[in-house]
Amino acid sequence: MGRLRSLARRVRDLATGPATPLDVFAREFPALVRRLPRDVDGAVEARLCDRLPAMLDGVDRDALVRRVPSWAKVALHHLERDDRDALHDAINHGLLDVRRHPGGLHEGRPVIHLPGWDDPTIPREAFVLSDSQTPFAGEVVRARVVGDRFEAVVRAGFEHIDAEGAVPDLTVRTPGVGLEYSGETSGHRGGAATWRETYDRSTWRLELPVSTLGPEQALEIDLEVRLADREAQGRIELVAPPEPTGAVITDVSLERGTVVVRGRGVRETPVLESASVRLDPIEFDTLGSSFRAVFPGRVDRWGRGPHPLPVGEYLLVVGGDPVPLSAELVGWPTDLADGPLVGHTTEVGLRLIKPRRPDENTMYGQRDLRRAYAALEAPVDRRAALFQCYWAEVATDSQAAIHREFHRRDPQMRLYWGTVDHAVPIPEGGRRVIAGSREWYAVLAGSRFIVKNTEVGAYTRLRPGQVYLQTFHGQPFKLMGRPDFARRMAPWRAEYEATDRRSAFWDVICLPYPEAAEYYREAYDWEGPAFDRGLPRTDGLLAPDAEQVRAETRRLLGIADDQTAVLHATTWREDLSRGQNTSADPALLDVRALAAELGDRFVILQRSHHSVARSEQRHGSGGGVIDVTDHPEINDLVLASDLAILDYSSLRFDYAITGRPMIFFVPDLERYSTELRGFLFDFADSAPGPLVADAAELADLVRDTSWSSEYAQAYARFNERFNRFHDGHAAERVVDGLLGWDER
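Note that the structure is predicted; figures quoted are calculated from it, not measured.

Caption draft 1: Quick peek at the nonpolar core. Core analysis: the largest hydrophobic core is formed by 96 residues, its most contacted members being Ile402, Phe406, Leu469, Tyr520 and Leu738. With residues near it in sequence (within four places) discarded, tyrosine 520 still touches Phe472, Pro476, Met480, Ile509, Leu511, Asp525 and Trp526. Core analysis: the next-biggest nonpolar cluster, separate from the first, contains 64 residues, Leu32, Val68, Leu213 and Ile221 among them.

Structure follows, in structure tokens:
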């Protein structure tokens, strides 16, 4: 590989001349800085500091401003002053991710307000965007054919030049093409403009005779943009979307609580499907070749009552095949809104998005809202609490139990739930606020109690009088915090992620038993208070109505009294992560094959991890399998089942409260424990059931659970060690502690 690189450089040098010191610096220095957060042993940083004087030798400092990315110039400033702590702090606060920060024009040059912008000792030149950071950026926002005319809206500008009203001057180099400024934004629809393609309002409209596109129905237009001291050229291809043959959707609308789909060529009754919902039409009419299908905008998925449809991608399906959209709908996306449903058409169907205002669904809007939230000075409402689970897709876990106890004691208490949409069922007495909306930020700033089971956003500013309770989402078992982060991060980065980014926000934490505090001291340097007499999430498993919940859940899921329900629940795998808290399914067990082998007396409840659910992967129901990945309450599934097939999930600690058999299917145990994650204590000692590596052994173990007697003593020791404080009253103790917070 080294020889190939050397050869490539020699070829380049023949074409452009020998590389200058600035060429070498611009190529090597930023690449090394990029590696610093993952510099586990510090070797990269040591090498960088050692080589820096030689790398800078002969470099033209004036030319460096336009050649080296802004974040690298800020890093250079800190390194030249041998201030590694300042560099680490800047990286920890997003130095390497320019998308997180606002920008502007400073003295006629585009700059980005990276960490350190408010420090007058850092030269403003360090924040100037380089030429490589501001290339031409363009795309077609919408395009369609109307009669003999072709219409389009295009976006053309610079990447990362982000300033109010910073719209470039545009010159069209292609003869016969004219553009008129429109200034619209489409960032809420996704695509390139979702967050930080900062030419978001640099949009122009054009109209051409269709004949201009030629027989290929396509035309490339050459553009030049100029702004401040920058200019760039680029090309955008205009394409007339082809009209599909056969069945086609010509219109999608949200009307009075329904989804209405119109088109032609569909005779068979269609369904509307997403990863989590399958809807039959409440009306389906045909007239000649035309059809109209009306679907409910609300659905009762799990016996919690009708709720608006959840966010997701929806397709119209006939006979197992999706019906395509017309060329105009594909090329000319339509924004849709009807009360709690907000969305737009896509190239393949309907996308329902977070039901927020358009600006709240863009990075521009979120950045402004967070700035306003940070500056907001409002009194803390001592009778208000904000609850949120995971990334706002459910209302469960210890949050739900604590909510119910607050509501039992004070029905007038203002109990807010941050949810991703209106489809999430919330407990009785709850008040919904859509996460990331203006209302949500106001509640975040003004609630006395903030109760979450994942970390808060880095922008969070806890006001005097607020109490943040971190409940976590299960018992500690997997390697976590600093020891986990340090396996793939530089020590200073791991320290930041464990403390400043997490435990520094906590006021109090929830623990299943007092000894667990040691794990959090080691992982997060936590020396603060803890409610350490049980996790409220387990209260429902021991509630007086537990048997009633079991019977009702089985009825709703269609499980017969004489069927054995097997709960199969797995955790995620770090090597399958897709980013943004999503992951591919491990797919280690073929649940349909197991269901077929078990026969009709058994049914498998398939519960995929929530990170897999976010990737919109589902096993689907049928053939002896009920996919309960989207069920809103895991405790109901635990109660409804008769035994469980688990892996390293902390669900086993909760499941053991039922006393029912557990089988541990762990074919990747060695790899998971040594490469992927690791454990705080030995897995085998905390798994009171057979450890199975071969799926062929599972059916016999499920059919005949007489083996469970062999694990009775281990099971008892397990519950004594991990569940001795779980008595159905953990939420009461936590609420006692919260209401008496000022009396500690």
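Caption draft 2: A look at the pattern of salt bridges. Inspection of the entire model under this criterion finds 66 salt bridges. Aspartate 484 is paired through a salt bridge with arginine 677; the nearest N and O atoms lie 3.8 Å apart. Here aspartate 484 is found in helix 11 (residues 481–485), whereas its partner arginine 677 is found in the loop between helix 19 (669–676) and strand 37 (691–692), with 193 residues between them in sequence. In terms of burial, aspartate 484 and arginine 677 fall into one category: buried. Shared partners join several salt bridges into a network, and the residues in it are Arg357, Asp359, Glu360, Arg438 and Glu439.

Caption draft 3: Summary view of the packing of helix 2 (residues 21–35) against helix 3 (residues 43–56). Closest axis-to-axis distance for the helix 2/helix 3 pair is 11 Å, and the angle between their directions is 165 degrees. Taken together, the axes of helix 2 and helix 3 lie roughly antiparallel to each other. Helix 2 and helix 3 meet at a crossing whose hand is left-handed. Of the residues in helix 3, those touching helix 2 at Pro21, Phe25, Glu28, Phe29, Leu32, Val33 and Arg35 are Val44, Arg47, Leu48, Arg51, Leu52, Met55 and Leu56.

Caption draft 4: Region of interest: the layout of surface pockets. The computed volume of the second largest pocket comes to approximately 1000 Å³. In terms of lining, the second largest pocket is formed by 39 residues, of which the most central are Arg404, Gly540, Ala543, Asp545 and Val549. Looking at the lining of the second largest pocket, the elements that each hand over two or more residues are helix 9 (397–409), helix 14 (546–557), helix 17 (634–640) and helix 22 (730–739). Of all the elements, helix 9 adds the most residues to the lining of the second largest pocket, at eight residues. For the lining of the second largest pocket, the class distribution of residues is 16 nonpolar, nine polar and 14 charged.

Caption draft 5: The packing of aromatic side chains, seen in detail. Within this structure, the stated rule accounts for 33 aromatic pairs. With a centroid separation of 5.9 Å and an interplanar angle of 50 degrees, the aromatic rings of phenylalanine 477 and phenylalanine 683 are classed as tilted. With phenylalanine 477 in the loop between strand 27 (467–470) and helix 11 and phenylalanine 683 in the loop between helix 19 and strand 37, this pair connects stretches of sequence that are 206 residues apart. Neither phenylalanine 477 nor phenylalanine 683 differs from the other in exposure class; each is buried. Clustering of aromatic rings is evident, with ring pairs tying together Phe477, Tyr513, Tyr519, Tyr648, Phe653, Phe664, Tyr672, Phe679, Phe681, Phe683, Phe718 and Phe722. Over the ring of tryptophan 71 we find arginine 34; its NZ or CZ atom is 4.3 Å from the centre of that ring. One Lys or Arg, arginine 144, reaches over the ring of tryptophan 332 and ends 4.0 Å from the middle of that ring.

Thresholds applied
- Residues numbered from 1 in each chain as written.
- Predicted model: local features only at pLDDT ≥ 70, side-chain atom pairs only at ≥ 80, totals over all residues.
- Heavy atoms only, no water.
- Core = buried A, V, L, I, M, F, W, Y, C linked by side-chain atoms within 4.5 Å.
- Buried < 20%, exposed > 50% of the residue type's maximum accessible area, 1.4 Å probe, protein only.
- Contact = heavy atoms within 4.5 Å.
- Salt bridge = Lys/Arg side-chain N within 4 Å of Asp/Glu carboxyl O.
- Helix = DSSP H or I, 4+ residues; strand = E, 2+ residues; numbered from the N terminus.
- Axes fitted to C-alpha atoms, helices over the stretch in contact; angles between N-to-C directions.
- Parallel < 35°, antiparallel > 145°, perpendicular 65-115°, else oblique.
- Left-handed = near helix turned anticlockwise from the far one by under 90°.
- 1 Å grid on protein atoms, 1.4 Å probe; cavity = no way out; pocket = protein on both sides within 12 Å on 5 of 7 lines; lining within 4 Å.
- Points joined across faces, edges and corners; volume = space filled by probe spheres on them.
- Nonpolar A, V, L, I, M, F, W, Y, C, P; charged D, E, K, R; others polar.
- Phe/Tyr/Trp six-rings, centres within 6.5 Å; stacked < 30°, edge-to-face > 60°.
- Lys NZ or Arg CZ within 6 Å of the ring centre and 35° of its normal.

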